[in-house]
Amino acid sequence: QMKRSLTIFSNRYNLSKLLLLYVIIKLASIIDPITSDKSRDANPIVIKSLDPCFCKTGLAGELTGGFKAVFKFFEFVFARPAEEGSRLVVTAASAGRQTHGGYMRAGALQNYAPLITSEDGVKKSNYVWEQLGRKLEQLQPGILANVSTV
């Protein structure tokens, strides 16, 4: 039962990260596409995704039993201190225009995996954006007009 729970958690976590990357890439391209126009270099809008990696936080506070024990073990072995993770967040926040639309992990700009940049990945990204847009428009009509006019 615990192994199944860990598998489900891992799959959902990975899927949520993939969906986030799809949305960040699309949002960055709509808000402020990078072009050869040099006047765009001074634009203060920089959208990116950040992964400070596994950090020691109070996240496991609500867990109980074996799942908490496993989590705490992995946290002890693999997690970095929260202070180090916070420095990575500041590094990403202060990174320049070259990181627009990018993915920063452990303080460095990373290349996207082919799963995201392939033709199929771009199609999936567009699909996710369309579905998210429909849902957002249901919740707040006209909200996407704000995105395209920034």
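Above this text is the structure in question.
An account of the accompanying structure is given in this report. (Residues numbered from 1 in each chain as written. Predicted model: local features only at pLDDT ≥ 70, side-chain atom pairs only at ≥ 80, totals over all residues. Heavy atoms only, no water.)

Once that is clear, we can look at the packing of aromatic side chains. In the structure shown here, the tally under the stated rule is four aromatic pairs. Arranged with centres 5.7 Å apart and planes meeting at 75 degrees, the rings of Phe 54 and Phe 71 form a pair that is edge-to-face. Of this pair, Phe 54 sits in the loop between β1 (49-51) and β2 (55-56) while Phe 71 sits in helix α2 (residues 65-78), and the two are 17 residues apart along the sequence. A relative accessible area of 31% places Phe 54 in the partly exposed class. Among the aromatic residues, those joined into a ring-pair cluster are Phe 73, Phe 74 and Phe 78. (Phe/Tyr/Trp six-rings, centres within 6.5 Å; stacked < 30°, edge-to-face > 60°. Helix = DSSP H or I, 4+ residues; strand = E, 2+ residues; numbered from the N terminus. Buried < 20%, exposed > 50% of the residue type's maximum accessible area, 1.4 Å probe, protein only.)

Looking now at the sheet that holds β1. Here we have three strands laid out as an open sheet, ordered β1-β4-β5, and mixed in their pairing. Only two strands of the sheet have a single neighbouring strand rather than two, namely β1 and β5 (108-110). Taking the axes of each pair of neighbouring strands and ignoring which way they run, one obtains an average angle of 35 degrees across the sheet. In terms of strand pairing, β1 meets strand β4 (residues 103-105) through three bridges, oriented parallel. (Pairing = 2+ DSSP bridges. Axes fitted to C-alpha atoms, helices over the stretch in contact; angles between N-to-C directions.)

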